Amino acid sequence: MKARARHLLITVFIFSLILIHIYRRTVIKADLVTPAQFPPNKGIFLVETTDTLEPTSLTLCAVESAARIYPDRPIFFYMGGLRKWNNPQEKHISHDLQVLTSLANVYIQPFDLEEILKDSPLLPWYLKVNPATEKFWTHVSSDASRLALVWKYGGIYFDTDVISIRPIPEEEFLVCAYTMTHTSNGIFGFNQFQPFLWDCMKEFAVNYKGQQWGYQGPQLVTRVLQRLGQLPKMDSGGGDSKFYNFSYLHPHRFYPIPPHSWEKFFEPWDPKYTFVGSYGLHFFNFMNYKKSKMIIGSNSLAERLYRQHCPNIYSREKEFSKLK
C-alpha cells in the first residue's frame, strides 16, 4: 500500500514538473522582437485595444489565419491587456494565447499607444485627450494606432474580425467598403512613411470628433482620399482600380458578404459561397448584436472557415466543446 502511494506521489511530482516546464516555456514574446527589427513593409498588424487577456476565438482565428496565409511575414498582435506590465517578456500568457505562440511568425506586443504614436502627428492629440470621457475610446484608439503603425513600419493592417484566406498581391492598397462609395479602414496596406497616411493622421488630430462613431475611421480615410480626386467607380463586375498610385480594391476582396447579411456567417454553409477572388472575410463584429459565435458541429460558414484557415483555434474550440 505504501509502495503504491509512493509511486503515485512520484508520478504526480513528475507530472507537475512537466506542467511547470511547459508553463515556463509559454511566455509572451513581446519586446523580444519588435517591428523595428524587421525590414520595412513586411509587418502585418492586428490590434486588441481592450484590457482583455483572453481574446475571442474570432480574434485568435484572425491572427492565426494571417500567420498561415503570410508565413514569410511577421505578424504583430498588439494587446491592451499587456500595457500595464512593466516587463512583458517575463510574463506568462493565458492558455487561450498558447496556440498563437506556437506559430513562429506571431509576435505578441503590449499596446502602448503613446509609444505607437511617437513621432507622428497623433502624439499631441493623444497627450491632450482624456480617454475616460471618450464615448468610443476603444474604437478611436484603434483607429489612431493602425495609421501610425503602418506609417511607421510599413505593411498591412487587419481588423481582428478578418479571417485571411489568400494573400494580397498588392503592396500598397486600400479596400473599397461595401457601399461602393466609401473606403474601409479595416484592411489596408502601405509602404513605410506613405504621405497619404501622414495626411490621414493630420486630419485625425486637427478635425477630431470622438463622439461621432466612424468619423476617425472609414469616414476619415474617405475624406482624405476625396481631396486627391474623385474616387473610382466600382461596379458589380469585381474589378480593382488604380487611384493615386495605389490599388483600390473592390469590395468583394474582403466584403463578399455585406454587413446587413452578417448572420450568414453563422448559418449552415451554402456551397455557392466559394469566395473565389477574395483575400479575406470581414465578420462585421460591431454589427453582431446577437453575440453569435462559431459553434462546433453547426456546419456553419464560420465553422468551415475556422476549420480551413485557423485549424489550431478550431481544434482548441473542439476540445472545449467536449468539456461542456
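Each chain carries its own residue numbering, running from 1 in the written order of its sequence. Per-residue local features of the predicted model are confined to residues with pLDDT of at least 70, and side-chain atom pairs are confined, for both listing and counting, to 80 or more; whole-chain, interface and lining totals are unaffected and use all residues. Side-chain descriptors were evaluated using all non-hydrogen atoms of the structure, hydrogens and water having been removed beforehand.

This paragraph deals with the pattern of salt bridges. Any carboxyl oxygen of Asp or Glu within 4 Å of a side-chain nitrogen of Lys or Arg constitutes a salt bridge here. Scanning all chains against the criterion turns up eight salt bridges. Ionic pairing is found between Glu-317 and Arg-316, a salt bridge with its closest N-O pair at 2.2 Å. No difference in accessibility class separates Glu-317 from Arg-316, as the two residues are buried. Burial classes follow relative accessibility: with a 1.4 Å probe on protein chains only, a residue under 20% of its type's maximum area counts as buried, one over 50% as exposed, and anything between as partly exposed.

Attention now goes to the sheet that holds strand S3 (residues 106-110). When DSSP finds two or more bridges between a pair of strands, those strands are recorded as paired. The helix count covers DSSP runs of H or I at least four residues long, the strand count covers runs of E at least two residues long, and both are numbered beginning at the N terminus. Overall, mixed pairing links the eight strands, which are arranged S3-S2-S1-S4-S7-S6-S9-S8 in an open sheet. Two strands bound the open sheet, and with one partner strand each, they are S3 and strand S8 (241-243). Adjacent strand axes in the sheet meet at a mean angle of 25° when their direction is disregarded. Examined bridge by bridge, strand S6 (residues 173-176) and strand S9 (residues 246-249) share three bridges and lie parallel to one another. By the bridge assignment, Phe-173 is partnered in S9 with Ser-247. Helix H2 (residues 57-69) contacts strand S1 (43-48), strand S2 (75-79), S3 and strand S4 (155-158) of the sheet and is inclined by roughly 160° relative to S2. On the sheet, helix H8 (residues 218-228) packs against S6, strand S7 (183-190), S8 and S9 and is oriented at approximately 70° with respect to S7. Note on geometry: axes are lines fitted to C-alpha atoms, helical ones only across the stretch in contact, with angles between N-to-C directions running from 0 to 180 degrees. We call two residues in contact whenever any of their non-hydrogen atoms come within 4.5 Å of each other.

Next up on the list: the environment of Gln-211. Among the secondary structure elements, Gln-211 is positioned in the loop between helix H7 (195-206) and H8. Along the primary structure Gln-211 and Phe-136 are separated by 75 residues, whereas in three dimensions their C-alpha atoms are 6.8 Å apart.

Each residue gets a pLDDT score, which is the predictor's confidence in that residue and runs from 0 to 100. Here the protein chain shows a mean pLDDT of 87. Residues at 70 or above account for 86%. Confidence drops under a pLDDT of 50 for residues 8-27, and excluding neighbours within four residues, the segment shows 11 contacts in the predicted structure. This model gives residues 86-90 a pLDDT under 50, and the stretch forms 10 contacts once residues within four places in sequence are excluded.

Moving on, we get to the packing of H7 against H8. Where H7 meets H8, the axes come as close as 10 Å, and the angle between the chain directions of the two elements is 120°. In terms of orientation, H7 and H8 fall into the oblique class. The chirality of how H7 crosses H8 is right-handed. Residues Phe-196, Asp-199, Cys-200, Glu-203 and Phe-204 of H7 form the contact with H8, whose own contacting residues are Leu-220, Val-221, Arg-223, Val-224, Leu-225, Arg-227 and Leu-228. Under the convention adopted here, Pro, Cys and the residues Ala, Val, Leu, Ile, Met, Phe, Trp and Tyr are nonpolar, Asp, Glu, Lys and Arg are charged, and Gly plus all remaining residues are polar. Residues that form the contact of H7 with H8 fall into these classes: eight nonpolar, no polar and four charged. For this classification, under 35 degrees means roughly parallel, over 145 means roughly antiparallel, 65 to 115 means roughly perpendicular, and everything else is oblique. In a left-handed crossing the near helix is turned counterclockwise from the far helix by less than a right angle, and in a right-handed crossing that turn is clockwise.

It is worth spelling out the state of the cysteines at this point. The criterion for a disulfide is a pair of cysteine sulfur atoms lying within 2.5 Å. Scanning the entire structure with this criterion turns up one disulfide. Note that Cys-61 is cross-linked by a disulfide to Cys-310, the S-S spacing being 2.1 Å. Residues Cys-61 and Cys-310 are joined by a disulfide whose S-S torsion is about -85°; by sign, that bridge is left-handed. In this pair, Cys-61 sits in helix H2 while Cys-310 sits in the loop between helix H9 (301-309) and helix H10 (311-323), placing the two residues 249 residues apart along the sequence. Like Cys-310, Cys-61 is buried.

The next subject is the packing of aromatic side chains. Think of it this way: a Phe, Tyr or Trp ring, Trp meaning its six-membered ring, pairs with another when their centres are within 6.5 Å, and the plane angle makes it stacked under 30 degrees, edge-to-face over 60, tilted otherwise. Evaluation of the coordinates by the stated rule reveals 30 aromatic pairs. Judged by centre distance (6.1 Å) and plane angle (75°), the ring pair of Tyr-244 and Phe-246 falls under edge-to-face. Judged by relative accessible area, which is 46%, Tyr-244 ranks as partly exposed. The exposure class assigned to Phe-246 is buried, which follows from its relative accessible area of 1%. Each ring, one from Phe-265 and one from Phe-283, has its centre 4.0 Å from the other, and the planes form 15°; the classification is stacked. Taken as a pair, Phe-265 in the loop between S9 and strand S10 (280-282) and Phe-283 in the loop between S10 and H9 lie far apart in primary sequence, 18 residues in all. An identical accessibility class is assigned to Phe-265 and Phe-283; each is buried. Clustering of aromatic rings is evident, with ring pairs tying together Tyr-157, Phe-188, Phe-190, Phe-196, Phe-243, Tyr-244, Phe-246 and Tyr-248. Both a distance and an angle decide whether a charge sits over a ring: NZ of Lys or CZ of Arg must be within 6 Å of the ring centre and within 35 degrees of the ring normal. Lying over the aromatic face of Tyr-215, Arg-223 brings its terminal NZ or CZ to 3.7 Å of the ring centre. If you follow Arg-304 out to its NZ or CZ, it ends over the ring of Trp-269, 3.6 Å from the centre.

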